[in-house]
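Observations on the three-dimensional arrangement
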Amino acid sequence: LQTLKLWELQLKTHFPGLSSIIMQLQVSIQVGPGAWIDYGLLQLGKQNLSIEEEKTHFALWAINKSPLFLSANLSNMREATLNILKNGEVLEIN
């Protein structure tokens, strides 16, 4: 039986832009097979983020191999946000 390592870093429910996310990315944790950082739920479609902030948010989660969990109503999402979530190149990185 293998043990998986998961580091969960909680995000504040409300944050101005992505400053708290970027600060968390400065945490130095080794990520590799069987170990990843869980930054929590993606905030796309829920917060008052600009499209550029949503792109950055999604890319940072993908680059750091964090699980891409979303808790938002897809039927009420902006088309631009849906396109971010469907970006195949970013999904391949994750």
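Residues numbered from 1 in each chain as written. Predicted model: local features only at pLDDT ≥ 70, side-chain atom pairs only at ≥ 80, totals over all residues. Heavy atoms only, no water.

**Quick word on helix 2 (residues 51–63)**
Between its terminal C-alpha atoms helix 2 stretches 18 Å, which fits the 18 Å expected from 13 residues at 1.5 Å a residue. Among the residues of helix 2, those classed as buried are Glu54, His57, Phe58, Leu60, Trp61 and Ala62. Directly after helix 2, the chain includes Lys65, whose backbone phi takes a positive value near 60°. (Helix = DSSP H or I, 4+ residues; strand = E, 2+ residues; numbered from the N terminus. Expected span 1.5 Å × (residues − 1). Buried < 20%, exposed > 50% of the residue type's maximum accessible area, 1.4 Å probe, protein only.)

**Notes on the side chain of Thr81**
Mapping Thr81 onto the fold places it in helix 3 (residues 79–85). Apart from residues no more than four positions distant in its own chain, Thr81 is found in contact with Leu44, Gly45, Ile51 and Glu54. (Contact = heavy atoms within 4.5 Å.)

**Describing the pattern of salt bridges**
Working definition: two side chains of opposite charge can pair if their charged atoms are close together. For the structure shown, the criterion picks out two salt bridges. The salt bridge partner of Arg78 is Glu54, with a shortest N-O separation of 3.1 Å. Taken together, the positions of Arg78 in the loop between helix 2 and helix 3 and Glu54 in helix 2 put the pair 24 residues apart, joining distant regions of the chain. A relative accessible area of 40% means that Arg78 is categorised as partly exposed. On the basis of relative accessible area, Glu54 is assigned to the buried category, the value being 0%. (Salt bridge = Lys/Arg side-chain N within 4 Å of Asp/Glu carboxyl O.)

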